[in-house]
Every structure is written in structure tokens, then in C-alpha cells.
Amino acid sequence: MGRLGRLLSAGAEGQTAAAATGLLLLRVFAGLGLALGHGMGKLPPKPGFVRGVTEMGFPVPELFAWASGLAEFGGGLLLALGLLTRPAAFFVLGNMAVASFLRHAGDPFDEREKALLYAAIALCFLLTGPGRYSLDALLWRRKDPLRRR
């Protein structure tokens with residue numbers, strides 16, 4: 001398996017069924033929650049959302065509003081599927097860091113909590129990979145003749 005395949009599916013080989021199931025449940029529930037509960041409503045970006053991005057000081061706010069919506073919707077769906085999990089988690093983590101530390105910087109913790117929770121989940125998948133029960137593991141296992149069973 002090449003370096004990319006090891007990066008995308010790393011960690012899946014030695015997992016117990018319980019650990020793999022736990023990662024699957026976390027991926028699916030958090031990914032769908034992020035995509036459908038938060039990202040879908042940002043696509044296409046509404047004027048109020050673009051205004052909020054402008055207030056944070058981002059250049060070309062329309063572009064960054066689209067990027068945020070796509071990170072939440074597309075990244076959430078990719079996490080739920082376990083497809084391109086680490087790249088998706090990277091973009092979700094970056095988006096949630098902006099939401100937590102810029103958009104909600106002066107807000108009380110309960111206003112930032114959801115973004116911080118999604119950031120922690122994204123960091124988890126960035127570090128662990130998608131788990132054994134994922135499209136990444138399935139696709140990369142097939143491309144590695146030594147791992148076929």
C-alpha cells in the first residue's frame with residue numbers, strides 16, 4: 001500500500017469490532033448532524049451569513065462563506081461516509097476553529113460549545129483515521145493485494 005493509502009486508512013487493521021463500531025457511530029451521527037443541521041442551511045450562503053464573514057475580516061467574504069458551508073455540508077457527509085476522512089476532518093476542524101475562536105470569540109461557553117465539540121470530533125478523526133468500517137478502509141484494502149482476504 002502506498003503512503004497515501006496508509007494515511008487514509010491507518011489504524012483500521014488492529015481495531016477491535018467494538019472500537020470500529022464506536023468510530024462508525026461517531027462518524028455517522030456527527031457527520032450527518034454537521035451536514036444536515038448546519039452546513040445545508042449555509043448553501044448557498046445567505047446575505048446575513050456573508051455579512052458575518054465580512055465582520056470577521058475575511059477578504060472576499062462570499063468565497064469564504066461558500067468555503068464554510070462546503071466544509072460543514074461536504075465535510076460532514078464525507079465524515080459520515082468515511083470517505084476522504086482525514087482531509088474532510090482537516091477542513092471541518094479549521095472551520096470549527098474559526099467559528100469557535102473568531103465568530104464566537106466574545107460569547108459565553110454555551111454559545112461556543114457546539115463548534116468546539118465538532119472541532120474535537122474532527123481532531124479525533126484527523127488523528128485516528130476513519131476506522132475499519134469506512135469507505136476509506138474498504139477502498140484502500142482493495143488496492144493493496146497483501147491485505148486482501
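Let me begin by describing the structure that accompanies this report. All values reported here derive from a predicted model rather than from experimental measurement. (Residues numbered from 1 in each chain as written. Predicted model: local features only at pLDDT ≥ 70, side-chain atom pairs only at ≥ 80, totals over all residues. Heavy atoms only, no water.)

### Considering the overall build of the chain
Assigned secondary structure in the chain consists of seven helices and zero strands. Ordered by position from N to C terminus, the α and β elements of the chain give α-α-α-α-α-α-α. Put simply, the chain shows about 8400 Å² of open surface, and 70% of that area lies on carbon and sulfur atoms. (Helix = DSSP H or I, 4+ residues; strand = E, 2+ residues; numbered from the N terminus. Areas by Shrake-Rupley, 256 points an atom, 1.4 Å probe, with all protein chains shown as cover.)

### Topic: the side chain of Arg27
Secondary-structure assignment places Arg27 in helix H2 (residues 17-39). In this structure the side chain of Arg27 is engaged in a polar contact, spanning 3.0 Å, whose partner is the backbone oxygen of Leu79. Contacts of Arg27, omitting those with residues within four sequence positions, involve Leu32, Leu79, Ala80, Leu81, Gly82, Thr85, Phe125, Pro130, Tyr133 and Ser134. (Polar contact = N/O pair within 3.5 Å; in protein donor to acceptor, adjacent residues only side chain to side chain. Contact = heavy atoms within 4.5 Å.)

### Description of the pattern of salt bridges
According to the stated counting rule, one finds two salt bridges in the structure shown. The salt bridge involving Lys42 is made with Glu72; its shortest N-O contact spans 2.9 Å. You can see Lys42 sitting in the loop between H2 and helix H3 (47-55) and its partner Glu72 sitting in helix H4 (residues 61-81), a full 30 residues away along the chain. An identical accessibility class is assigned to Lys42 and Glu72; each is buried. (Salt bridge = Lys/Arg side-chain N within 4 Å of Asp/Glu carboxyl O. Buried < 20%, exposed > 50% of the residue type's maximum accessible area, 1.4 Å probe, protein only.)

Fair warning: the whole summary comes from geometry, so function is off the table for now.
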